[in-house]
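These are the residues of each chain, in order.
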Amino acid sequence: MTYTEQERAAYMAGDYKTATAYAKLEEAKKLTESLLDVLYDALPYVEDVLADPEQLKCFRPGVVQAHAKAIRAAIAKAEAAK
């Protein structure tokens, strides 16, 4: 297990709550990276459906557009949080 400098300093000072919070923050960062990778992988497929009127007919009007917009927003938010 590797520790960040802040986490190590908190442990050394005996501040276990802060050390645990830093550990959870690092875990959340890794999860965000994983989710961002998945969003980047999914977006081209959604955009392919948007570009093909025949495939788009299979979905209720506006559903694919809304999901594409949500994926783009999630990517932008995650990139800004880096």
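The structure under discussion appears in the preceding block.
For every chain, the first residue of the written sequence is number 1, and numbering continues from 1 onward in sequence order. This being a predicted model, a pLDDT of at least 70 is required before a residue's local features are given, and a value of 80 or more before pairs of side-chain atoms are given or counted; all residues contribute to the totals for chains, interfaces and linings. Just so you know, side-chain values use all the structure's heavy atoms and leave hydrogens and water out.

> Lay out the environment of E26 with the relevant residues and their values.
Secondary structure follows DSSP: runs of H or I at least 4 residues long count as helices, runs of E at least 2 residues long count as strands, and numbering of each begins at the N terminus. Within the element layout of this structure, E26 appears in helix α2 (residues 16-51). For the pair formed by E26 and A78, sequence separation is 52 residues and the distance between their alpha carbons is 15 Å.

> Quick one: what's the story with the packing of α2 against helix α4 (residues 63-81), residue by residue and with numbers?
Packing of α2 against α4 brings their axes to within 9 Å, and their N-to-C directions diverge by 150°. Taken as axis vectors, α2 and α4 run roughly antiparallel relative to one another. For α2 against α4, the interelement crossing comes out left-handed. Contacts between α2 and α4 involve T32, L36, L39, Y40, L43, V46, E47, V49 and L50 from the first element and V64, Q65, A68, I71, R72, A74, I75, A78 and E79 from the second. Residues belonging to the contact of α2 with α4 are distributed by class as follows: 13 nonpolar, two polar and three charged. A fitted line through C-alpha atoms serves as each axis, taken over the contacting stretch for helices, and the angle formed by two N-to-C directions is quoted from 0 to 180°. Working rule for angles: under 35 degrees goes down as roughly parallel, over 145 as roughly antiparallel, 65 to 115 as roughly perpendicular, anything else as oblique. Here a crossing is called left-handed whenever its near helix is offset anticlockwise from the far helix by less than a right angle, and right-handed whenever the offset is clockwise. Should any heavy atoms of two residues lie within 4.5 Å, those residues are considered in contact. Polar here means any residue outside two lists: the nonpolar Ala, Val, Leu, Ile, Met, Phe, Trp, Tyr, Cys and Pro, and the charged Asp, Glu, Lys and Arg; Gly therefore counts as polar.

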